[in-house]
Amino acid sequence: MEKQNYLIEQLIMQNRLLKLILTVLVVTLTAIGLMAARAPEGVTESIRTRELLVVDSNNVIRARVSGDMPDAMMANGHVSKRGAKAAGFMIYDQEGIERGGYVTFDHGNAMLSLDSKYRMVANLIAGPEEDGVSVLNLHTKNSSLELRSDPEGSRLSVSKAKRVTYQHPEIDTLSQGKCRSYKDLEKKYPGEGVCLDRFSQATCDRCFKSEQ
């Protein structure tokens, strides 16, 4: 009699365990079924990573998605510093030289760029400010064309050897804040003509001679 009671208790326990296993199995299969219904076969809904590299048949990196973009490798092994931490997408040529990208910087700017093997030759920049700052730059080694819209006004500027040679419409007078900024930069980098890289000689002279 005692043996029968023992066997009955064991059967009850095993039955409960079997029900628990079946319940877990049903829940798991249901969850898998729901996931399969939401995503096509072989497709992962989300990948969380710090960096993703795409290589070609020669194992050369041709594209990079990174949350901490390394400095740019240009022709002849030259490393071009980014100047600030950046995250985004970069493309490379068959030699592994950076040729452009789409990134955001920790200082706030978002930038789309195209590079030659030696330097950046075109970029489109959006600033983080509420009033909106946008810039389109086209460069050669010694000249550039800039289309800019910022609080000083919207204008087209042509520069040669980092000096504005043409601007339309010309910015006649800088705001007090901008003038103070260029005066500070002139003290920090004397003789480099930082203001002349963005405005005409006459406009910069008016700023530096003023008491702003």
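Analysis parameters
- Residues numbered from 1 in each chain as written.
- Predicted model: local features only at pLDDT ≥ 70, side-chain atom pairs only at ≥ 80, totals over all residues.
- Heavy atoms only, no water.
- Helix = DSSP H or I, 4+ residues; strand = E, 2+ residues; numbered from the N terminus.
- Buried < 20%, exposed > 50% of the residue type's maximum accessible area, 1.4 Å probe, protein only.
- Contact = heavy atoms within 4.5 Å.
- Areas by Shrake-Rupley, 256 points an atom, 1.4 Å probe, with all protein chains shown as cover.
- Core = buried A, V, L, I, M, F, W, Y, C linked by side-chain atoms within 4.5 Å.
- Patch = residues over 30% accessible without salt bridge, like charges linked within 9 Å, V, L, I, M, F, W, Y side chains within 5 Å.
- Salt bridge = Lys/Arg side-chain N within 4 Å of Asp/Glu carboxyl O.
- Polar contact = N/O pair within 3.5 Å; in protein donor to acceptor, adjacent residues only side chain to side chain.

Asks: Kindly report on the overall build of the protein, identifying the contributing residues and their values.
Replies: On a plain count of helices and strands, the protein comes out with 3 helices and 12 strands. Here the protein holds 212 residues, and the buried ones make up 25% of them. For the protein, contacts bridging at least 24 residues in sequence account for 27% of all contacts bridging at least 6. Summing over all exposed atoms, the protein offers an accessible surface of approximately 15,100 Å²; the carbon and sulfur share of this is 57%.

Asks: Got a sec to walk through the nonpolar core? Specific residues and values, please.
Replies: In terms of nonpolar packing, the biggest core is built from 10 residues, these being Met69, Ala86, Met90, Tyr92, Val103, Phe105, Met111, Ile125, Val133 and Val135. Of all the elements in the fold, those that place two or more residues in this core are β5 (86–92) and β6 (98–105). The element that contributes the greatest number of residues to this core is β5, accounting for 3 residues. With residues up to four places along the chain from it excluded, the contact list for Ile125 reads Asn109, Ala110, Met111, Val133, Ser134, Val135 and Asn137. Ile171, Leu196, Cys204 and Cys207 belong to the second-largest nonpolar core, a separate cluster that totals 9 residues.

Asks: Could you give an account of a nonpolar patch on the surface, with specific residues and numbers?
Replies: Together, Leu52, Val65, Phe89, Ile91, Tyr102, Leu112, Leu124, Leu136, Leu138, Leu145 and Leu147 make up an exposed nonpolar region whose accessible area comes to about 960 Å². Contributing elements (two or more residues each) for the nonpolar patch: β5, β9 (134–139) and β10 (143–150). Residue classification places Leu112 among the partly exposed positions, given a relative accessible area of 43%.

Asks: Can you lay out the side chain of Glu146 for me, pointing to particular residues and giving the numbers?
Replies: Take Glu146: it is sitting in strand β10. Taking relative accessible area as the criterion, Glu146 reaches 10% and is therefore assigned buried. At a separation of 3.1 Å, a polar atom in the side chain of Glu146 contacts the side chain of Arg148.

Asks: If you had to explain the pattern of salt bridges to someone new, which residues and values would you point to?
Replies: The full count for this structure, using the stated rule, is 12 salt bridges. Its salt-bridge partner being Asp56, residue Arg62 comes within 3.2 Å of it at the nearest N-O pair. Taking the relative accessible area as the measure of exposure, Arg62 reaches 30% and is therefore partly exposed. Here Asp71 ties to Lys81 by a salt bridge, and the two come within 3.3 Å at their closest N and O atoms. On the criterion of sequence distance, the pair formed by Asp71 in the loop between β2 (61–66) and β3 (72–73) and Lys81 in the loop between β4 (79–80) and β5 is long-range, its members being 10 residues apart. According to the relative accessible area criterion, Lys81 is exposed, its value standing at 65%. Three or more residues are tied together by salt bridges with common partners; here these are Glu146, Arg148, Asp150, Arg155 and Arg198.

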